[in-house]
Amino acid sequence: MCHEGGCGACIVAARIPAPFTNELKTVAVNSCLVSVLSCHGWEILTVEGIGNRIKGYHEIQSRLAKFNGTQCGFCTPGWVMNMYCIYTSSAKKLTAAEVENSFAGNMCRCTGYRPIADAFKSFAVDADIKLTDKVIDIEDLHTFKTCGVECKKKCVHKINDIETDLSIIGISNETKEEDWCLLNNEESLTISSANFKWFKAYHLSDVFKAINNCSDYKLIAGNTGQGVYHVVDYPFTIIDISSVAELKKFTVDVNLIIGAGMSLTEMMEVFLKMSTENKDFFYLKQFFDHVDLVAHIPVRNIGTIGGNLYLKYLNNIFPSDLFLLFETVGGMITIASGVNTVKRISLTQFLKSDMRGMVILNVMLPPLSTCNLVRTYKIMPRSQNAHAIVNAGFLFKLKCNTDVIQNASIVFGNISSKFIHAQETEKIIVGKPLFSEETLEMCLKSLSHEIIPEEEPTEPSAAYRKMLAVSLFYKAILSLCPDSRFNQRYRSGGEAIKRHISQGTQVYDTDKSVWPLNKPVPKIEALVQCSGEAIFANDLTTDMNEVFGTFVTADVTPGSIVKDFDISGAFKEPGVIAFYSAKDIPGDNTFTPANMSLLEFDEEILCSKEVKYNGQPVGIIVANREKVANKAAKLVKVKYELVNKNVPLLTIKDVLSSPEKDKRITQDTVVEPTEVGNDVKFVIRGELELNSQYHYHMETQTCVVKPTEDGIDVYSSTQWPNLVNIAVAHCLNIPVNSVNVIIRRVGGAYGGKISRAGLVACAAAMVTHLQGKMCRFVLSIEDNMKIIGKRASTLCNFEVGVNADGKIQYLKNKYYQDNGCSKNETITGMTLSHFPNCYDTKRWRIEAYNVLTDLPSTTWCRAPASAEGIATTEYIMERIAYVVGKDPLQVRLSNMTLEDNPIPELIEQIKKDSKYDERVTEVNRFNTDNRWRKRAIKLIPMTYELFYIGPYNSVVSIYYADGTVALTHGAVEMGQGINTKTAQVCAYTLGIPLEKVSVKPNTSFTSPNSYATGASVGSECVAFATMKACEQLLERLEPVKKKMGNPTWEELVFEAHNSGVNLQASYMYKTSEPVKPYDIYGVVVLEVEVDILTGNHDIKRVDLLEDTGRSLSPEVDIGQIEGAFVMGLGYWTSEKLIYDRKTGKILTDRTWTYKPPGIKDLPADFRVYFRRNSVNKFGVLQSKATGEPAFCLAVVLTHAFREAIRSARLEAGYEDQWVDIEYPCTVENIFSAVGHKLEHFKLHFILQISVSHCKMYFPKHLKIAAGFTGAAIFGIVFGWAMFPAILKSQLKKEMALSKKTDVRQMWEKIPFPLDFKVYLFNYTNAEEVHKGAIPIVKEIGPYHFEEWKEKVEVEDQEDTDTINYKKVDTFYFKPELSGPGLTGEEMIVMPHMFMMGMIAIVHREKPAMLSMLGKAFNGIFDNPTDTFLRVKALDLLFRGVIINCARTEFAPKAVCTALKKEAAERLIFEPNNQYRFSLFGMRNATVDKHVVTVKRGITNVMEVGRVVAIDGKTEQDKWTGTCNEYQGTDGTVFPPFLTEADRLESFSGDLCRSFKPWYQKKTSYRGIKTNRYIANVGDLANDPELQCYCEAPDKCPPKGLMEMSKCMGVPMYVSLPHYYDSDPELLKNVKGLNPDVNEHEIVIDFEPITGTPMVAKQRVMFSMQLLKTEKMELCKDLPDTIAPLFWIEEGLSLNKTFVNMLKHQLFIPKRIVGVVRWLLVAVGGLGALACLVFHFKDHIMRFAVSSDSGSVTKVNPEEIEQKEVSVIGQIQHPAKID
Ligand SMILES: Cc1cc2nc3c(=O)[nH]c(=O)nc-3n(C[C@H](O)[C@H](O)[C@H](O)COP(=O)(O)OP(=O)(O)OC[C@H]3O[C@@H](n4cnc5c(N)ncnc54)[C@H](O)[C@@H]3O)c2cc1C
Ligand code: FES
Ligand code: FES
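Computed from a prediction, not measured in an experiment: that's the story for all the values here. Positions within a chain are numbered from 1, following the residues in the order the chain's sequence is written. Each chain is given a letter, starting from A, and each ligand a number, starting from 1, according to the order in which they appear as written. At least 70 in pLDDT is required for a residue's local features to be given in this predicted model, at least 80 for side-chain atom pairs to be given and counted, and no such filter applies to totals for whole chains, interfaces and linings, which use all residues. The basis for the side-chain values is all heavy atoms of the structure; hydrogens and waters are excluded.

A.B. asks: How should the overall build of the protein be read in this particular structure?
C.D. replies: In terms of regular secondary structure, the protein is built from 51 helices and 58 strands. Accessible area is worked out with a 1.4 Å probe on protein chains only. A residue is then buried under 20% of its type maximum, exposed over 50%, and partly exposed in between. The burial tally for the protein puts 59% of its 1778 residues in the buried class. Any pair of residues with heavy atoms lying within 4.5 Å of one another is described as a contacting pair. The long-range share in the protein, meaning contacts at least 24 apart out of those at least 6 apart in sequence, stands at 75%. Accessible surface is estimated by sampling points in the Shrake-Rupley manner with a 1.4 Å probe; for residues, cover comes only from the protein chains shown. Carbon together with sulfur atoms contributes 54% to the accessible area of the protein, which is approximately 71,100 Å² in total. Counting from the N terminus, the helices are DSSP H or I runs at least four residues long and the strands are E runs at least two residues long.

A.B. asks: Would you mind showing me how to read the packing of aromatic side chains here?
C.D. replies: In this description, an aromatic ring pair is defined by two values, namely the gap between the centres and the angle between the planes. By convention, a stacked pair of Phe, Tyr or Trp rings (six-membered ring in the case of Trp) has centres within 6.5 Å and planes under 30 degrees apart, an edge-to-face pair has planes over 60 apart, and any other such pair is tilted. Within the structure shown, the criterion is met by 64 aromatic pairs. Considering the side-chain rings of Tyr-508 and Phe-1170, the 5.5 Å spacing of their centres and the 35° angle between planes classify their relative orientation as tilted. With a gap of 662 residues between them, Tyr-508 in the loop between β16 (503-507) and α19 (526-530) and Phe-1170 in strand β39 (residues 1165-1170) connect regions that are remote in the sequence. Owing to a relative accessible area of 5%, Phe-1170 belongs among the buried residues under this scheme. The interplanar angle of 75° and the centroid separation of 4.9 Å between the aromatic rings of Trp-1132 and Tyr-1223 together place this pair among those described as edge-to-face. Here Trp-1132, found in helix α35 (residues 1114-1132), pairs with Tyr-1223, found in the loop between α37 (1196-1211) and α38 (1227-1234); they are 91 residues apart in sequence, far enough to count as distant. Note on Trp-1132: relative accessible area 2%, which makes it buried.

A.B. asks: So what exactly am I meant to see when it comes to the site of ligand 1 here?
C.D. replies: Note on definitions. A residue lies near a molecule or strand when any single heavy atom of the residue is within 4 Å of it. Near ligand 1, the surroundings consist of 35 residues, among which Leu-219, Ala-221, Gly-222, Thr-224 and Thr-304 are the closest. Residues adjacent in sequence count toward polar contacts only when both atoms are side-chain atoms; beyond that, a polar contact is any pair of N or O atoms within 3.5 Å, and within protein one must be able to donate a hydrogen and the other to accept it. Note that an oxygen atom of ligand 1 is positioned 2.6 Å from one of the backbone N or O atoms of Leu-219. In the environment of ligand 1, an oxygen atom lies 2.6 Å from a nitrogen or oxygen atom belonging to the side chain of Thr-224. Notes on ligand 1: free accessible area 970 Å², of which the protein chains cover 97%. At the level of elements, β6 (217-220), α9 (225-228), α12 (297-302), α13 (305-314) and β12 (359-365) are the ones that each hand at least two residues to the shell around ligand 1. Ranked by residue count, the leading element in the shell around ligand 1 is α13, at 6 residues. Each residue belonging to the shell around ligand 1 can be placed in one class, and the counts come to 18 nonpolar, 13 polar and 4 charged. In this count, Pro and Cys sit with the nonpolar residues alongside Ala, Val, Leu, Ile, Met, Phe, Trp and Tyr, while Asp, Glu, Lys and Arg are called charged and the others, Gly among them, polar.

A.B. asks: Is there a simple way to explain the nonpolar core in this structure?
C.D. replies: If you look at soluble globular proteins, the nonpolar side chains tend to sit buried side by side. Each nonpolar core is a collection of buried residues, namely Ala, Val, Leu, Ile, Met, Phe, Trp, Tyr and Cys, held together in the definition by side-chain atoms within 4.5 Å. In terms of nonpolar packing, the biggest core is built from 254 residues, with Phe-396, Phe-412, Phe-473 and Phe-1125 touching the most fellow members. With 12 residues, helix α18 (residues 462-480) is the single largest residue contributor to this core. Met-1395, Phe-1421, Leu-1437 and Leu-1459 belong to the second-largest nonpolar core, a separate cluster that totals 94 residues.

A.B. asks: Where do I start with the confidence of the model for the protein in this structure?
C.D. replies: Keep in mind that low pLDDT regions are not for reading the predicted coordinates in detail. pLDDT runs from 0 to 100 and stands for how confident the predictor is about each residue. Looking at the protein as a whole, the pLDDT averages 88, with 90% of positions reaching at least 70. Low confidence marks residues 137-177, where pLDDT is under 50. Its contacts with residues over four positions away, or in another chain, come to 66 contacts. A low-confidence stretch, residues 1247-1259 (pLDDT under 50), is modelled with 19 contacts involving residues beyond four sequence positions or located in other chains.

A.B. asks: Sorry if this is basic, but what is going on with helix α45 (residues 1450-1462) here?
C.D. replies: Side chains that are three or four residues apart share a direction in an α-helix, a result of its 3.6 residues per turn. Here a helix's expected span is defined as the number of its residues, less one, multiplied by 1.5 Å. Look at α45: 18 Å from first C-alpha to last across 13 residues, which is about the 18 Å you get at 1.5 Å a residue. Across the 13 residues that make up α45, a large majority, 10, are buried. Buried residues of α45: Ala-1451, Pro-1452, Lys-1453, Ala-1454, Val-1455, Cys-1456, Thr-1457, Ala-1458, Leu-1459 and Lys-1460, and no others.

A.B. asks: How should I be thinking about the sheet that holds strand β37 (residues 1078-1091) in this particular structure?
C.D. replies: The strands making up a sheet are joined through hydrogen bonds of the backbone, oriented either antiparallel or parallel. A pair of strands is treated as paired once DSSP finds two or more bridges between them. Pairing is mixed in the open sheet, where 5 strands are placed in the order β16-β39-β38-β37-β31. Two strands in the sheet have a free side with no partner beyond their single neighbour: β16 and β31 (933-946). When strand polarity is set aside, the average angle formed by the axes of neighbouring strands in this sheet is 10°. Strand direction decides the pairing type here: strand β38 (residues 1097-1106) and β39, joined by 5 bridges, are parallel. Following the sheet pairing, Leu-1104 is matched in β39 by Val-1168. All axes here are fitted lines through C-alpha atoms, helices being fitted over the stretch that makes contact, and every angle between N-to-C directions spans 0 to 180 degrees. Contacts from α37 reach β31, β37 and β38, with the element oriented near 155° to β31.

Right under this line is the structure:
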């Protein structure tokens, strides 16, 4: 559609050889960006290739169809192929979050994305159970068979012809074909023609050779740059550098050097790896996340680093994210003018360099210590796939252990072509503390001074970009500032807004008694749409002689006069055939014949004189190819008699203030009020400006016309075939019956193809008519946006008088609607009928006006008029509520019509369903807790008045031979599901299964004279016509049926045919039918969160209730509602049209500049409900229309925005004023409405305020007494009752894995290393063992490593109280802690695990192949003399043992292929087909691919850490029965409150089983009492609980051993070291083993209250069978014993710090409380007594002395009062809240 990588409709799968290994990787690419010649060496797979009607559908296709993820289907192949690629390349192991994140490049205008997201997320390993439940009856996944492209080079993978069976080593014949294409890619390649020379280079030297041999050339890498900056003219020589080896690699010396030819995807992989492996590159994780927002996966798959940087070089204003990131950290770039002439320069120098003859070689990124703080941001107009409005990178180097800045790098993008660094700020910040209010204030001022953005018409304003940049600096400081330093209300301001995984719910009733009517079924065309078999106009088979037409446009100010054309330039282009202008039109020069309804005025096909709008078609270029036609059209020079110098009038306001006002504005209607109220307390006046919108149908305006013997066949993408029929006939001056209009389907329309399709159809027909050839006419997106009119914009001026409750006393509304340049299709009258919404309008006066502007004639666009009408009314309601200070809902209710209005009931329903009241409270709480994030929740109602249009016919034919039925109708299928609904109605009326009905294309022969399909009502009308046609048929069948008794349908129609019954019937629905207009009701609740510092937002939840009557097809209606609502969200947020004010030229005419919502913009939680038990007594079969109304509800978002902004403004100290956000509510408009000022950006450090102002009036000693008593009581209550309970409940909280707790942090990343020790067994008599001797082993070790354990990609699932994570273990060798003198360089001799492993597998599976395996070993291991490995210890452990797979003989190659396939995770691949194998190397610092799901224990702490799933599966499939269960925790956390009776349980992923250590004895560790637990492997044969780990009980290994083939894929055994606690027989077969309880037992000492392991030693030994077999020379004499290889100990002993932590947090308080409670009781009791005695001494004395002695002590209350201010610490004043 877009030809620039912006829409995703063209995505295909490419299998591209990976650099160095040549392994074919399946990646998605945008075919529109890839030149055919770039595909050399690739395999391309299109959607038809993965599944179709013939070979069956791929699971992705069928699931998407089943989930109703397709409507018009134009975008669908692109979605399917992107999913196919990510799914296959991830080996089907995707998480739901990964799925949802991977479709940034796929647009869909119809569905609203929810069903697509659901369909694809159902493939995720952690798929929501609701989704997986939905998946039934889906075919098996069909594997990728062959690319179908013949590979001319000799592919080494072509081993079909060699007679062998490789399945034994794990590869099927299919995979043999697939995985390898080892092309000999050493030689460069040249393809030449008269017009170009294509040069494909593989080496840098070839590139320079090519450069030096030509004067003008262009390098091409991924070729995606043309998606950003269109390349119109390519030079003669193109040098394809996408396969140049030197550009593809990355290396790490101290720096990270990444090849410029690496794709962005490859670069991201490196970033992720490096950031986890090397702490000096920690910042690359930030970079990874940032690059995830660059373009989208298909572009990143082939777009390169060099290409991106060069785009920045050529266009300095380009907001390159790569440039920004690299420059932030001071990266350097290497450029070369020859193979050995290279220079390394800074990126800023690069921008100024002369790059002629130069190639970018690589980029170098520095390591950064942890004293460096890095933050980067990218702010976009929508969630994904958009270039940055502003991007920013911050690097602060701090003096270590301080926050004093040593150095700073502050970089911003998209400011101006010159601006890179905020240099002034970088300078002044040095030496200052980063986290200080003064530094912040100084920097903000400085930034605001030095950032001076350039105005760029298609970009947000300079003022916004400046303030946004400043705010990003503040954001970075907020995010970096340590928690303890500032008020946490500000913390969320530091984070970028992030969408959670979306989810959707659809709730509707279905009445089975009327099925297939009202039955939820997928669209009947869904499968063919998902497989690309569905035909659109442009899919018509190519004709040898076909030509292409393109418009020449008048790109001039409207009002200019066309005189002539200079076509000489165009005709120089080879392939140009003809040029036509208005005078060549044989008939009427109009595509809007005025005698048709809706169209009153002629609009010219080709402008004959006065240009009505900039971009109006004036001519047609015809050429032999589309690209030639497009290029030549631009070369036609239009000559003008007059060029209008006046500024065009582009908006209603322009017209209102122009002298032409009276000429251009006409009054349409005035509605007078029937009553006026007189209780006016408030008068509100306002103005509301609603904008235009581009339809963004994925199929642009298209028509293909073919000459036929009786006229022409017109394949038009139109919503109104009859208009095309008549307009084409009139323009060609031929009879209407010679024009055959044929429409199978339309690729999205939304009203844009009702009248406007006629333009392209007339143009194409004219070319065919004049040329006598088939003509294709497909508008480019730029032409489509330029030529075709859009949604009419609206301006309202209103005045409303209300009483104190907000009830309207009078309302005057004057509104104007933009017609564009013609008054065709005016919508003012319709808008009028939608203003009322659900309100009482008796007191309303409405005036409607039409306005002519200098834009293309506006046209219908989804919910035209209704969206504007309802939006205006709802705006007025909100204004009233604000002014009278009432709840907007209350105001709405008080203005509603009382009779026959179900809206109040629906409001109650949705409030209940959405938990509205609770969430309002929750939103308020959130807003109190967050300064820079604000939420709002809003509810609005809708009453949508539906009216009927027509006529539409329906023709139903029954085939007597089998009783199947076909129908065709007068409406057009454009995604709204009209065919499905009609088929359901037909099947229901005839009483036959839906499968028997098929729907045929609309043609002008079968459905002449039909009306346009639109206004949501087409489906209803056609359903009516179909029902009536079916009733006619039933009537005709009735006598036959009566005669036959009780025939089957098939028997009945067979007999009827034989009796001469006409089995075809037709009926035409007309507006006079007895169906009545009705209202469609709806209500919506929406909650949004706004990032106040950027203007970005996230729609957190939408609950939408719509009255669909009794839906004809519930799933189809759900699709309509969701799609319409999301299109509405786009209208109100990101879709903005911009025109050049001087010329009227549209500037936002591409996917790069016009941004409808993408998949991550849909509501995160989208719930749609149909009104319960609803029927529609007026509509067809009780249903209601659904196509448009939900669009009108989307305006609720604007009110939620306003509320969120209001909350932010109040906090900023603004008065509570009504604030208008300019529409659309773009990030800029939201941000600007907040009214940010520099002084708002503060850190708000925490102040230590502890002032007590409490005043007490008790006498001092009484108070003291009270205090003492209180203390005593407190001592008792606290010490004996509260403290243990508090401790327990506190522990429950602390021990759960809640976010931000210490336990959670330690669990995520153990803050100290574990001791990882490895002991290797050296075989001292290998030669003898080879000949059959008993092995003699010597244990060498320990090799001591520090093991750092971390969990990454940690994600919480609140609803299930679980966490998902992946593991990363990093090892560091510590020779100083290893066994004496061990350096890792010792030579070890031990059985060759690889050889022995393969021998064991082949021996077990296919012994006949053992001799071939022997041959393979000779090649790979260089003719080994025995099966022993002689290797350096560290090579075996980490660095890797070489496996030489460079051999070309068959046997080694086959084995290597199998290795690569089956053992890829355990091998390191190096150039030249050298593989390396090591025991731990692949695991080291590598994120384990498995996703572990464990319980957090928040709801039940005893479940903490319990493994619930791995990779989304709740059980393993390795063993049988209970052995597959995940029992226990993940081994890194255990539940608290352990008792001696408890058996601990933990699941080991490495060993695929659970262990259950048992209590042994009490122990203590560093003064803390502990319980000791021990464990072993068990006796599998004799323990019934463990037998399920064996194939059968009699096949279990000896006691203490467990066979691991099923777990590890390698036939190894695990046991305790030295066969401790194992079958003693094992020891007899090996010499040198000494089992010892202290050395070899598994022990863990737990602190029982918290469940903390204090000391642990987990030990396990690995052994292998020295298999004796005659079938292999190397093994024929082996002793056949199970021989040990190595053992490991993973040890933990909590160091003093952590033991102290535990003591202080738990035991010391416990002890102190123990002492204090007694003290409190004792002292408290005594103290109280003393005070009471003192206080009552007078009374006591009174008893003691006589009453008349009379001295009474007076108390002066004032004195006491004064003394009783108790102050702790210094008095400070509370911080002011601004
Ligand atoms: C839809 C879309 C969205 C995008 N969004 C973003 C975005 O958000 N942020 C962003 O930063 N970028 C974005 N981009 C740009 C994208 O990153 C670049 O298109 C891509 O990286 C270019 O790489 P390439 O290999 O395809 O270059 P090509 O198109 O092959 O080449 C581009 C230019 O670089 C030259 N060139 C290529 N390699 C070298 C070399 N090694 N030495 C010298 N010159 C060389 C070529 O001659 C050509 O002039 C987007 C692109 C598209 C299509
Ligand atoms: S992305 Fe290729 S056509 Fe739009
Ligand atoms: S189904 Fe996606 S654009 Fe129509």
